Amino acid sequence: MARVVILGGGVSGHTAATFAAKWLGSSHEVVVVTPNAKWNWIPSNIWVGVGQMTKEEVTFDLDPVYKKAGITYKQAKAVSLNPEGSESETQPFVTIEYTGQGKEGESEDVTYDYVINATGPKLNFGATPGLGEGSQLGEHTVSVCTADHAEHANHKFLESIEKMKAGERQKFLIGTGHGMCTCQGAAFEYIFNIEHELKKAGVRDMADIKWISNESFLGDFGMGGLHMKVGGYVVSSKIFSESLYAERGVDWMIGAHVSKVEAGSIDYELLDGSTGSESFDFAMLIPPFAGVGLKAYAKDGSDITDTVFAPNGFMKVDANYAAGAYENWKASDWPRTYQNPTYSNMFACGIAFAPPHIISKPMSSPNGTPINPTPPRTGMPSGIIGKAVAHSVCDLVTKGEGAHLHEASMAEMGAACVASAGKGLTTGTAAAMTVFPVVPDFEKYPGTGRDTDYTFGEIGLAGHWIKHILHHMFIYKAKLKPGWTLIPE
Amino acid sequence: MSVKQEEVNFARNEQSETTMMPGKFATAMRTNLIWQFIRFVIINLKMLVVVSKSH
């Protein structure tokens, strides 16, 4: 019997674990190690952050689902990997530390035949002074990265609405809290939900709303922007996004690295090297992501973290990490199988794999501060990669070492994204977008890097309906209800 | 004479001057239930194509 250990129970890890359990059946063991007791449909956290959904509506308990799937569930965080075993253990193992199940603080070595690293990111609030400490959100701003954060954000949002109703003007600052952030899309969706809810509450005229981000142009989204079909034209996402902001009276500041956060104000540095500060009454700033800080040790106990992980803490996979300058970057630099190049029984998926480089054009201020979005690896690509990796591992288990590895390059897959602006079925308007491929391929599409037949954007209620359907469909799928495998990632 | 919404939007600040702005018709179609139902079907079909090309 082989044991497959999956580190992380988010979109990618959960997808990998549930498919692995289905494909391997009871003759092999699938173990999930995740510090969380609940699964969270993160895209709907945006609605929690404006009071349109409750935390309970976007989360569910993992334990019963894993019991049903025959998955061994350990509510714990992975601390280190020993891919060669140790002097006292011949098998490779991962050291975990329990965070629940009545074993809080206890350590355990879990041996494995194959390990899939799907730990997701460390929310690195500590990278910006004042934004938080380590992975803990600070006291001056809010976040929508977790359901708890989103619930807290909604409390603060409601307080601001009450102040406006009492005649006190409020300034909302939404965007990214560091020059190296990703996930602009979440902040993008949140700012438009904030704007929509303020209108609904009848206090829009009492609010100043400003976007701040590390993108060098509005609509970069960490993907170097995109050219999409809109109304028969192929339009840059810059124009598309600027239109959305301008129409809603939302100001924007781009190319910004937030260097410090204090009560009611932030300091920033712009791409032109200038610095300044911006005041706020309510700020939702996405933190930068980093690897979760897993260490790796060789058999003799020596530290091999640098061999297994990139400097940012994400796991090295079959990407070309020696691409060099921006001019040399190619779509083929991006990983296909997500297998660790040193240890063939280790894989990474979702945010946990180290990208070969960013997608957007690298930028830095004259002071040398890098200010550019890092690549998004969430949502649909995350699920597709998780499934492909699970498929590879299952084939390795059942067919042996020579089994064909399944491929899922972000340079050959698309993504669908719906950014709501409200939650109503007859009010508010969402931006529904698709991009294909996620990583531009300028050899194939020399002008835009993408197939404009499959890269489009549209604003309207239809997007809201799709977002509602996605919410229910993916929670249904994640709960492994009948027919769950028919729902695509 | 009432001022068109797009005039208000363009005049808001310098940032808004160089982008595109929806007119009254485009804005109305965004929430027109019949049109949006048609778009819902079309967007879903397009998304399904993208999903199928990605697997």
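See the structure shown above.
Here's what I pulled together on the structure shown here. Keep in mind the model is a prediction, meaning the values are calculated, not measured.

### Quick notes on the overall build of chain B
Now for step 1: Along chain B, the regular secondary structure elements total three helices and zero strands.
Now for step 2: The secondary structure elements of chain B, listed N-terminal to C-terminal, are α-α-α.
Now for step 3: Radius of gyration (C-alpha) of chain B: 17 Å, far over the 10 Å computed for a compact globule of 55 residues.
Now for step 4: Principal-axis analysis of the C-alpha atoms gives chain B an extent of 50 × 25 × 10 Å.

### Regarding helix α10 (residues 461-478) of chain A
Residue and element names in this part refer to chain A.
Now for step 1: Here α10 spans 26 Å end to end across 18 residues, near enough to the 26 Å set by a 1.5 Å rise per residue.
Now for step 2: Taken across its 18 residues, α10 has 13 buried, putting it largely inside the fold.
Now for step 3: At the C-terminal side of α10, Leu-480 shows a positive phi close to 60°.

### Concerning the sheet that holds strand β13 (residues 207-212) of chain A
All names here are of chain A.
Now for step 1: Taking strand neighbours across the sheet as the criterion, the four strands line up as β16-β13-β12-β20 in an open arrangement whose pairing is parallel. Of all strands in the sheet, those with a lone pairing partner are β16 (251-253) and β20 (282-286), marking the two edges. Between one strand axis and the next, the sheet turns by 15° as a mean value, whatever way the strands run.
Now for step 2: Of the strand pairs in this sheet, β13 and β16 are connected by three bridges, and their pairing is parallel.

### Quick word on the pattern of salt bridges
Residue and element names in this part refer to chain A.
Now for step 1: As enumerated under the stated definition, the model contains 24 salt bridges over all chains in all.
Now for step 2: In this structure, Asp-208 engages Arg-169 in a salt bridge whose closest nitrogen and oxygen atoms are separated by 3.0 Å. On the criterion of sequence distance, the pair formed by Asp-208 in strand β13 and Arg-169 in the loop between α5 (147-165) and β12 (170-176) is long-range, its members being 39 residues apart.
Now for step 3: Overall, Asp-208 belongs to the partly exposed group, its relative accessible area being 35%.
Now for step 4: Of the residues examined, Arg-169 reaches a relative accessible area of 42% and is grouped as partly exposed.
Now for step 5: Between Lys-171 and Glu-278 there is a salt bridge, and its shortest N-O distance comes to 2.3 Å. Of the two residues, Lys-171 sits in strand β12 while Glu-278 sits in strand β19 (residues 275-279), which places them 107 residues apart along the sequence.

### Focus on the pairing of strand β26 (residues 456-460) of chain A
Residues and elements named next belong to chain A.
Now for step 1: The element β26 is extensively covered by neighbouring structure, given that five of its five residues are classed as buried.
Now for step 2: The alternating pattern of β26 places Phe-456, Glu-458 and Gly-460 on one face and Gly-457 and Ile-459 on the opposite face, and all of these are buried.
Now for step 3: For strand β25 (residues 430-435) and β26, the ladder comprises five bridges, and the chain directions are antiparallel. Paired with Ala-431 across the two strands is Ile-459, which belongs to β26.

### As for the side chain of Glu-195 of chain A
Residue and element names in this part refer to chain A.
Now for step 1: Relative to the helices and strands, Glu-195 resides in helix α6 (residues 184-200).
Now for step 2: A relative accessible area of 3% means that Glu-195 is categorised as buried.
Now for step 3: With residues up to four places along the chain from it excluded, the contact list for Glu-195 reads Arg-204, Ile-209, Arg-248 and Val-250.

About the thresholds
Residues numbered from 1 in each chain as written. Chains lettered and ligands numbered in written order. Predicted model: local features only at pLDDT ≥ 70, side-chain atom pairs only at ≥ 80, totals over all residues. Heavy atoms only, no water. Helix = DSSP H or I, 4+ residues; strand = E, 2+ residues; numbered from the N terminus. Rg over C-alpha atoms; globule rule 2.2 N^0.38 Å. Expected span 1.5 Å × (residues − 1). Buried < 20%, exposed > 50% of the residue type's maximum accessible area, 1.4 Å probe, protein only. Pairing = 2+ DSSP bridges. Axes fitted to C-alpha atoms, helices over the stretch in contact; angles between N-to-C directions. Salt bridge = Lys/Arg side-chain N within 4 Å of Asp/Glu carboxyl O. Contact = heavy atoms within 4.5 Å.

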